[in-house]
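# Summary of the model geometry
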Amino acid sequence: MVIPVVWHPDYSIPQPPGHAFPMGKFAAVGRWLAARGMATVCPLHADMSTLSAVHDPDYLRHLATGTLDARAQRRIGFDCTPALFQRCRLETGGTLATVALALQHGLACNAAGGTHHAHHDFGSGYCLLNDLVVAARHALDHLGRHKVLIIDLDVHQGDGTAALLADEPRAFTFSMHCGDNFPARKQRSDLDIALPRGLDDSGYLHELNSVLPWLLDSVMPDLVLYDAGVDVHADDRLGHLSLSDAGLLARDLAVIGACRARHIPTACVIGGGYDRDLDRLASRHAWLFEAACQVFNATDSAPSRSSA
């Protein structure tokens, strides 16, 4: 059995040639999923009322009409057209769908998402909408969740996520990131681990495995949102850490396996990753789906305690 995966062809839209953000990676991930026969679920756009529970209505209006001022657009890193806003609404809808599927099946993945630099009334770092916070708020307010844990292992600190959930006791934010990297001004997560430049597989996994069991057992979430950014990879253009492909797989197995062992519904997003070679980048993101399938199939086929 394969895990539920959310993907849409409109996750990728045209961008100016040479733009630094690899928008085509979402299409490349879609090709990878299709080549392996993995069926995908198409999401709907997040509705404006759901977005406005997190983001300022005036900010959303400017995004929707393409009237965001030039300075705000430079901070984001995109020309913020209405088409781009619709694409980001779709991506956020994908994370909302992934949460719903995770609550149904125990585990699900969005082949996009992780836009953790977006704040209440401004965007930053290629992030217009904070899909993680929108999904967490929706789960807490409408899906009967009592405690949501966000595990953010993108190489960049989830500053928008930390700021947006700073006063929300029902959510716990954990960010393990390269300390000497964007954003220059960090926010305070509930737990931050700042890693040194150049940290390799063994050092990274030691840090993660030292905190992960304690984190899950002390927070006791009834939903985990996992941002599996691959910009921690040694060959990433913006990362500054030194994980290998094997390190990415080991990381994702550790997180998903620990959550699955505790029967915590887990919604995964692919997070950041930067490479001019889109197929190579998609293959890094694919480790998330490989890990999820391995854990899902192993636990799904394992005998229950009652039958042992």
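Further up the page is the structure itself.
### Concerning the packing of helix α5 (residues 82-105) against helix α6 (residues 131-142)
The interhelical angle for the contact between α5 and α6, taken along N-to-C directions, is 40°, at an axis separation of 9 Å. Overall, the two elements α5 and α6 adopt an arrangement that is oblique. Helix-helix and strand crossings are classified by hand; for α5 and α6 the assignment is right-handed. Each of Thr-92, Thr-95, Leu-96 and Val-99 in α5 lies in contact with α6, whose residues at this interface are Asp-131, Val-134, Ala-135, His-138 and Ala-139. Taken together, the residues of the contact of α5 with α6 break down into five nonpolar, three polar and one charged.

### Re the pattern of salt bridges
Counted under the stated rule, the structure contains eleven salt bridges. Among the salt bridges present, the one from Glu-168 reaches Arg-137, with a minimum N-O distance of 2.7 Å. Of this pair, Glu-168 sits in the loop between α7 (159-164) and β4 (171-178) while Arg-137 sits in helix α6; the two residues are 31 residues apart in sequence, bridging distant segments of the chain. In this structure, Glu-168 engages Arg-170 in a salt bridge whose closest nitrogen and oxygen atoms are separated by 3.0 Å. Taking the relative accessible area as the measure of exposure, Glu-168 reaches 8% and is therefore buried. Linked by salt bridges that have partners in common, Arg-137, Asp-141, Glu-168 and Arg-170 make up one network.

### Let's talk about the packing of aromatic side chains
As enumerated under the stated definition, the model contains eight aromatic pairs in all. Ring geometry for Phe-21 versus Phe-78: centroids 5.4 Å apart, planes at 75°, classification edge-to-face. In this pair, Phe-21 is assigned in the loop between β1 (5-6) and α1 (25-35) and Phe-78 in the loop between α4 (70-76) and α5, connecting sequence segments 57 residues apart. Given the relative accessible area of 12%, Phe-21 is considered buried. The exposure class assigned to Phe-78 is buried, which follows from its relative accessible area of 4%. Aromatic ring contacts, followed pair by pair, group Tyr-11, Phe-21, Phe-26, Phe-78, Tyr-126 and Tyr-274 into a single cluster.

Parameters at a glance
Residues numbered from 1 in each chain as written. Predicted model: local features only at pLDDT ≥ 70, side-chain atom pairs only at ≥ 80, totals over all residues. Heavy atoms only, no water. Axes fitted to C-alpha atoms, helices over the stretch in contact; angles between N-to-C directions. Helix = DSSP H or I, 4+ residues; strand = E, 2+ residues; numbered from the N terminus. Parallel < 35°, antiparallel > 145°, perpendicular 65-115°, else oblique. Left-handed = near helix turned anticlockwise from the far one by under 90°. Contact = heavy atoms within 4.5 Å. Nonpolar A, V, L, I, M, F, W, Y, C, P; charged D, E, K, R; others polar. Salt bridge = Lys/Arg side-chain N within 4 Å of Asp/Glu carboxyl O. Buried < 20%, exposed > 50% of the residue type's maximum accessible area, 1.4 Å probe, protein only. Phe/Tyr/Trp six-rings, centres within 6.5 Å; stacked < 30°, edge-to-face > 60°.

These values are about where atoms sit, not about what they do.
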